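Structural overview
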Amino acid sequence: MQSTYDRQYEAFIQAGQLKSDSEYFAENIGNVNSTDDLLNDRRLLQVAVKAFGLEEEINYRALLQRTLNEGTSAKDAVANTMNDERYVNFSDAFGFGPGQSPLTSDTKAMKAVLDKFQSASFEEAVGDVDETMRTALFAKRAMLEVFGEPDEEDLSVLSVKDRALKEFNKALEEINGPEDDALSVTSAQDQWADIIERDVLTEFFNSALRIPASSAGLEDDELIDLYRSRANVVFGSDDPTVLFSKDNRETTIGVYKSRATIDGVPAEEVTRTATLAGNVLDQMVSRDAALNEEWDFISRQQPLADFMDIALGLPDDIDRRDTSEAMRIYREKAIEAFGTDDPNIFANGSNLDATLDVFREKAAETGMSNSEISSTLRTAETILKFSYSEKTNTVEADAAAKAAEVDAGWYTIMGQTGVPRFLNTALDVNSALDAGEIFSDLTPDEQLEIYKEQAVAIFGSDDLSKLTSTYEIGSLKDAYRTNAEAAGESEFFITYYAQIAERELNTLFQSDETDTEAEFEKALEKLRSMNDDDEGPSANSEWFTIMGQQAMTDFMQVALGLPKEVGQMDVDRAVEVYKRKSIQVLGTDKPSEFIAQGKMDDLVNLYLTRSQLNSRSSGFSSGNAALMMLRG
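Going along each chain's sequence as written, the residues are numbered from 1 onward. Reporting of local features is limited, given that this is a predicted model, to residues whose pLDDT is at least 70; pairs of side-chain atoms are given and counted only at 80 or more, and all residues count toward the totals for whole chains, interfaces and linings. Side-chain numbers come from the whole structure's heavy atoms, not from hydrogens or water.

A residue counts toward a patch only above 30% relative accessible area and without a salt bridge, and it is joined to like-charged neighbours within 9 Å or, for Val, Leu, Ile, Met, Phe, Trp and Tyr, to nonpolar neighbours within 5 Å. All accessibility values rest on the Shrake-Rupley procedure with a 1.4 Å probe; residue burial counts only the protein chains present in the view. Here a salt bridge means any side-chain nitrogen of Lys or Arg lying within 4 Å of a carboxyl oxygen belonging to Asp or Glu. Charge assignment in this entry is limited to Lys and Arg as positive and Asp and Glu as negative, and neither His nor the chain termini are counted. By convention, charge coordinates are those of NZ in Lys, CZ in Arg, CG in Asp, or CD in Glu. Taken together, the side chains of D190, D194, E197, E219, D220, D221, E222 and D225 present a region of like negative charge at the surface. Strands are runs of DSSP state E lasting at least 2 residues, helices are runs of H or I lasting at least 4, and numbering of each runs from the N terminus. Elements represented by at least two residues in the negative patch include exactly α12 (188-195) and α14 (220-235). When residues of the negative patch are assigned to their parent elements, the largest contribution, four residues, is made by α14. Along the chain, D225 turns up in helix α14. Summary of the burial criterion: residues with accessible area below 20% of their type's maximum are buried, those above 50% are exposed, and those between are partly exposed, where the area comes from a 1.4 Å probe applied to protein chains only. The class of D225 is partly exposed, set by a relative accessible area of 48%.

Structural data, given as structure tokens:
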């Protein structure tokens, strides 16, 4: 891509609709004398907004008009209050602000806008094939725009790539912690830990299990012990997977309804809580419950039970264990032996031969005769093929499971105390209601549809785990603040509810990503201890420039192997971290030196390499980074 970039780029901008749009802009932008002229010509406007990554805002005419008319000189100008460099650059590019002269007749200035439009279009086209490459192209362009083209006479090319790749694994372990992506079985303890974080589930089980109000003062471990003890008394099991299995689900919900009704809870609230809790718990235990049923079937087929006994090395007393405990043992052992606890995978297609080989090897070690091994293998293979080789399309099943998980996330927040007010305002749910409707009076399913439709319309996604991620939560908070201010909410309550909601949303949807705080602090301490000669404010100033543009910030975090938590630090501390790591990896802490001949390409290569490895070891999504960079 790098070696043929110029040729591919030129061919792209000379093709089809892009060429036509570019020519139209060049021919007509000089006739624009006011913001109305620009906003009323949608074809010109499409080029203008896309050049600055604002194409998603094209229908928000009032916002774009204010951005252009108010300029950027006043502190309270809308472009300066958006906390987003795109709006500032968009406003400055056309010069319609107070005290400015329109730049639409300035050929050089409009050529710069057109170049940005063509580059963004090319990056988008590349991104249709590979989002990581799209990110790299954008970052390279952004760095060159900020720090200038490299000096062709500067031949001092730092040998970054070889040293960076040689030390890469060590650096990742120091900064991101060791790789931990091993598959495991969710324990009952972990499931209860999730339950007590969800208000609707605690309300459900507090009634069903007769949990006293005094339990509110218990530590989490003590509270979980109390729930599990009471569940054993009431239901005969403390395993949420068992309580919400296909056979027991209605009984469990029935106990809640009976006890809540006796306690005087209004009928509509009982129904709502039961519905929300049921939907959330169904998703929480769905995979475990489904696989437990598969393993219960296997354990009851004597030939398969004998096969698994040897292949998995099961304990001698497996038949005397509690059913749910036995199923977890089967699954944990299967992960060790087959790499998965799902029979639909290890007993299906080409994987079946490897599964049979595991048995063959273990059986030989026990001294079983060849004839016994062959006989057992033939029987087990026949049953496994019949039971698992003709399963339905796993892609469709995975898509259905993901959709159910997304819905369960929305049901969860409906049952929270702090989040609904925040999301109702951020998503402006009242605008989707018919005349006379009240959102809180709608059924959970009706609310779900409105939430998802509004989320897609405003943010382009109905997945709360994405909307509440580090990259997206800022947009959600901005929408909340804008709508709350418009509704006359006081600053105190806006801040108060935003803080409560962000804390709850982070706990519910991002806890897996944020549990590394302690490890990050250790890594940060290592960074602090590195030798660092402060090169003065010039290096700091350049880093402040980068950190003022989300695009380059995201790029540099990945390229340097830094965790995203750096972006949540105090800005001065973050700069020191960037400088220290930059010296360690690149040999310099001055971003302006990155664009020296050859160095920028090395930095792009380093980003691409780490994006691929991070996607496997730490769950980092280069696609998300690309999205934010294009928005930045």
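Anyway, onward from the coordinates.
The next point concerns the packing of aromatic side chains. Given two aromatic rings, one states the distance between the centres and the angle between the planes to describe the pair. Two aromatic rings, drawn from Phe, Tyr or Trp (for Trp, its six-membered ring), form a pair once their centres lie within 6.5 Å of each other, and the interplanar angle then sorts them: stacked below 30 degrees, edge-to-face above 60, tilted otherwise. One pass over the structure, following the stated rule, counts 18 aromatic pairs. Measuring from centroid to centroid gives 5.4 Å for W295 and Y330, while their planes differ by 25°, and the two rings are stacked. Note that W295 is positioned in helix α17 (residues 267-300) and Y330 in helix α19 (residues 323-338), a separation of 35 residues in sequence. Of the two residues, W295 and Y330, both sit in the buried class. Ring centres 6.1 Å apart and planes at 5° place the aromatic pair F492 and Y496 in the stacked group. Here Y496 and F492 lie together in helix α28 (residues 491-509), a separation of four residues that amounts to about one turn. In this structure F492 comes out as exposed when scored by relative accessible area, which is 57%. Given a relative accessible area of 38%, Y496 falls into the partly exposed group.

With that out of the way, let us pick up the confidence of the model for the protein chain. In this model, the protein chain carries an average pLDDT of 78, and 75% of its residues clear a pLDDT of 70 or more. On a scale of 0 to 100, pLDDT captures the predictor's confidence in every residue. Mean pLDDT across the elements of the protein chain bottoms out in helix α10 (residues 160-166) (35) and peaks in helix α16 (residues 249-262) (94). Below pLDDT 50 for its whole length, residues 127-132 participates in eight contacts with residues either more than four positions away or in separate chains. Throughout, a residue-residue contact means that at least one pair of heavy atoms, one from each residue, lies within 4.5 Å. Considering only residues more than four positions removed or in separate chains, one finds that residues 175-181, a stretch of pLDDT under 50, has 16 contacts.

Next up on the list: unusual backbone geometry. One non-glycine residue, R210, lies in the positive phi region at around 60°. You can see R210 is positioned in the loop between α13 (199-208) and α14. In this structure, D428 takes a positive phi of about 50° despite not being glycine.

With that settled, consider the nonpolar core. What tends to happen in soluble globular proteins is that the nonpolar side chains get buried as a cluster. Residues grouped as a nonpolar core are buried Ala, Val, Leu, Ile, Met, Phe, Trp, Tyr and Cys residues, joined through side-chain atoms within 4.5 Å. With 61 residues, the main nonpolar core has W192, F205, W410, I413, L423 and Y451 as its most contacted residues. Per-element tally for this core: the top contributor is α17, with eight residues. Sequence-distant contacts of F205, defined by excluding residues within four places in its chain, comprise W192, I195, R210, I211, Y227, L243 and L281. Core analysis: the second largest hydrophobic core is formed by 29 residues, A311, A326, A334 and F338 among them.

It is worth spelling out the environment of V255 at this point. Mapped onto the elements of the fold, V255 is located in helix α16. Put simply, V255 and F204 are 51 residues apart on the chain and 9.9 Å apart in space, counted from C-alpha to C-alpha. Filtering out sequence-adjacent residues up to four positions away, V255 remains in contact with A208, V234 and F235.

This next bit is on helix α18 (residues 302-312). For α18, the set of buried residues is L304, A305, F307, M308, I310, A311 and L312. Contacts made by the buried residues of α18 are with α17, α19, α20 (343-346), α21 (351-366) and α22 (370-388). Looking one or two residues beyond α18, the residue adopting positive phi is G313, at roughly 65°.

Glancing now at α13. Because an α-helix packs 3.6 residues into every turn, residues spaced three or four apart end up facing the same way. Among the ten residues that make up α13, seven are buried, leaving the element largely enclosed by the rest of the structure. All buried positions along α13 are accounted for by V200, L201, T202, F204, F205, S207 and A208. Looking at the buried positions of α13, the neighbouring elements they touch are α12, α14, α15 (240-243), α16 and α17. Within two residues after α13, R210 carries a phi angle of roughly 60°, on the positive side.

Inspection of the secondary structure puts R331 in helix α19. The class of R331 is buried, set by a relative accessible area of 1%. When sequence neighbours within four positions are dropped, the list of residues in contact with R331 reads V185, R287, D288, L291, N292, W295 and D341.

With that settled, consider the packing of helix α24 (residues 419-426) against α28. In this analysis, axes come from line fits to C-alpha atoms, helices being fitted only over the stretch in contact, and the angle between any two N-to-C directions falls in the range 0 to 180 degrees. At their nearest, the axes of α24 and α28 sit 8 Å apart, and the two run at 105° to each other. Judged by the inter-axis angle, α24 sits roughly perpendicular to α28. Counting all contacts with α24, which are made through V419, R421 and F422, the residues of α28 involved are Y497, A498, A501, E504 and L505. Grouping the constituent residues of the contact of α24 with α28 by class yields six nonpolar, no polar and two charged. Should an angle fall under 35 degrees it is called roughly parallel, over 145 degrees roughly antiparallel, and 65 to 115 degrees roughly perpendicular, with every other angle called oblique. Under the scheme applied here, ten amino acids are nonpolar (Ala, Val, Leu, Ile, Met, Phe, Trp, Tyr, Cys and Pro), four are charged (Asp, Glu, Lys and Arg), and all others, including Gly, are polar.

With that settled, the discussion passes to the pattern of salt bridges. All chains considered together, the criterion is met by 25 salt bridges. A salt bridge links R61 to D36; its shortest N-O distance comes to 3.4 Å. Pair noted here: R61 is in helix α5 (residues 61-70) and D36 is in helix α3 (residues 35-40), with a separation of 25 residues, a long-range link. For K385, the salt bridge identified is with E381, shortest N-O distance 3.3 Å. Here E381 and K385 lie together in helix α22, a separation of four residues that amounts to about one turn. Look at K385 and you get partly exposed, because its relative accessible area is 41%. Of the residues examined, E381 reaches a relative accessible area of 24% and is grouped as partly exposed. Each of the salt bridges in this network shares a partner with another, and the network as a whole consists of R287, D288, R331 and D341.

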